[in-house]
Amino acid sequence: MKDRIFDTVRRLEGLRDGYYHYDNLEERAEYIEGEFKTEGFTVERDEFIFSGRPYRNIIATSSGLQSKEDRKSVV
């Protein structure tokens, strides 16, 4: 668990200015969405335009989420 937390922080840390480092922001957003989906969350995007570029908020909901034990028994 500790290693996973450190790995997640390493993947998310970096340049934070979403305008000048837009590609980095997009890369991190894709990672966050993928992690939520992997854990069984339903993921939606709340998209908007700012300074001519598309941005998004990531909305993850646990509706119908199964525990890891339940998912293992289904597989």
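Residues numbered from 1 in each chain as written. Predicted model: local features only at pLDDT ≥ 70, side-chain atom pairs only at ≥ 80, totals over all residues. Heavy atoms only, no water.

Draft legend 1. Up close: the overall build of the protein chain. Regarding its fold elements, the protein chain presents three helices and two strands. Helices and strands appear in the protein chain in the N-to-C order α-α-β-β-α. Out of the 75 residues belonging to the protein chain, those deemed buried represent 15%. For the protein chain, contacts bridging at least 24 residues in sequence account for 39% of all contacts bridging at least 6. When the accessible surface of the protein chain is summed, it comes to about 6,100 Å², and 53% of that surface belongs to carbon and sulfur atoms. (Helix = DSSP H or I, 4+ residues; strand = E, 2+ residues; numbered from the N terminus. Buried < 20%, exposed > 50% of the residue type's maximum accessible area, 1.4 Å probe, protein only. Contact = heavy atoms within 4.5 Å. Areas by Shrake-Rupley, 256 points an atom, 1.4 Å probe, with all protein chains shown as cover.)

Draft legend 2. Inspection of the packing of helix α1 (residues 2–12) against helix α2 (residues 22–38) at higher detail. At a minimum axis distance of 9 Å, the contact between α1 and α2 shows a crossing angle of 150°. As the angle between them shows, α1 and α2 are arranged roughly antiparallel. Only Arg28, Tyr31, Ile32 and Glu35 of α2 make contact with α1, whose side of the interface consists of Arg4, Thr8, Arg11 and Leu12. Looking at the contact of α1 with α2, its residues break down into three nonpolar, one polar and four charged. (Axes fitted to C-alpha atoms, helices over the stretch in contact; angles between N-to-C directions. Parallel < 35°, antiparallel > 145°, perpendicular 65-115°, else oblique. Nonpolar A, V, L, I, M, F, W, Y, C, P; charged D, E, K, R; others polar.)

Draft legend 3. The arrangement of the pairing of strand β1 (residues 42–50) in detail. When β1 meets strand β2 (residues 53–61), the two strands line up antiparallel, connected through nine bridges. Its bridge partner lying in β2, Arg45 is registered against Ile58. In sequence, β1 turns back onto β2 through a hairpin of two residues, with Ser51 there showing a positive phi of about 50°. (Pairing = 2+ DSSP bridges.)

Draft legend 4. Highlighting the layout of surface pockets. In this structure, the largest pocket spans a volume of roughly 250 Å³. Along its surface, the largest pocket is lined by Leu12, Leu15, Arg16, Leu25, Glu26, Arg28, Ala29, Ile32, Tyr55, Arg56, Asn57 and Ile58. The set of elements that each furnish at least two residues to the lining of the largest pocket consists of α2 and β2. Broken down by element, the residue count for the lining of the largest pocket peaks at five residues, all from α2. Its residues assigned to classes, the lining of the largest pocket comprises seven nonpolar, one polar and four charged. (1 Å grid on protein atoms, 1.4 Å probe; cavity = no way out; pocket = protein on both sides within 12 Å on 5 of 7 lines; lining within 4 Å. Points joined across faces, edges and corners; volume = space filled by probe spheres on them.)

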